[in-house]
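Each chain, letter by letter, is given below.
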Amino acid sequence: QRVLPELRIDLAIEDFSGLGEGHRDAAVGKALEQDHREPFDLERGPLLRVRLLKLGKGDHLFLRNCHHIISDRKSTR
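Just so you know, these numbers come straight off a predicted model, no measurement behind them.

Novice: With reference to specific residues and values, describe the side chain of Arg 51.
Specialist: Inspection of the secondary structure puts Arg 51 in strand 2 (residues 48-56). Under the relative-accessibility criterion, Arg 51 is labelled buried at 10%. Looking at Arg 51, its side chain comes within polar contact range of the side chain of Glu 14, at 2.4 Å. Reaching out from Arg 51, the side chain makes a polar contact with the backbone oxygen of Ala 31 at a distance of 3.2 Å.

Shown next, in the form of structure tokens:
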């Protein structure tokens, strides 16, 4: 285990606001599935990913995905 003194995480921002509702829902579903399937690199990290999906004016979806070793109950004890 290595604890870094500082960690910077890029916030990926994707704009789906120009899509029609059906296409937007499909694009959001694809983004969720893609993020879910993306493996974490346990050697290099980071073990946390964040994305902001813009769905419309004032309507956003914030995605946070972290590896279970940094968030499950046993690892935090």
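Novice: Which residues make up the pattern of salt bridges, and what are the values?
Specialist: Using the criterion set out here, one finds six salt bridges in the structure. Here Arg 51 makes a salt bridge to Glu 14, at a shortest N to O gap of 2.4 Å. Here Arg 51, found in strand 2, pairs with Glu 14, found in strand 1 (residues 11-15); they are 37 residues apart in sequence, far enough to count as distant. Under the relative-accessibility criterion, Glu 14 is labelled partly exposed at 23%. Two residues, Asp 35 and Arg 51, come together in a salt bridge whose shortest N-O distance is 3.8 Å. Placement of the pair is Asp 35 in helix 1 (residues 21-37) and Arg 51 in strand 2, with a sequence separation of 16 residues. By the burial criterion, Asp 35 is buried, and Arg 51 matches it. Residues participating in the shared-partner salt-bridge network are Glu 14, Asp 35, Arg 49 and Arg 51.

Novice: Account for the pairing of strand 2, naming residues and giving values.
Specialist: Relative to strand 2, strand 1 runs parallel, the two sharing five bridges. Within the sheet, the bridge partner assigned to Leu 11 lies in strand 2 and is Val 50. Between the parallel pair strand 1 and strand 2, the chain is carried across by helix 1, and the sense of this crossover is right-handed. Counting the residues that bridge the hairpin from strand 2 to strand 3 (residues 59-66) gives two residues, and of these Gly 58 lies at a positive phi of roughly 75°.

Cut-offs used in this document
- Residues numbered from 1 in each chain as written.
- Predicted model: local features only at pLDDT ≥ 70, side-chain atom pairs only at ≥ 80, totals over all residues.
- Heavy atoms only, no water.
- Helix = DSSP H or I, 4+ residues; strand = E, 2+ residues; numbered from the N terminus.
- Buried < 20%, exposed > 50% of the residue type's maximum accessible area, 1.4 Å probe, protein only.
- Polar contact = N/O pair within 3.5 Å; in protein donor to acceptor, adjacent residues only side chain to side chain.
- Salt bridge = Lys/Arg side-chain N within 4 Å of Asp/Glu carboxyl O.
- Pairing = 2+ DSSP bridges.
- Right-handed = clockwise from strand over helix to strand, strands pointing away.

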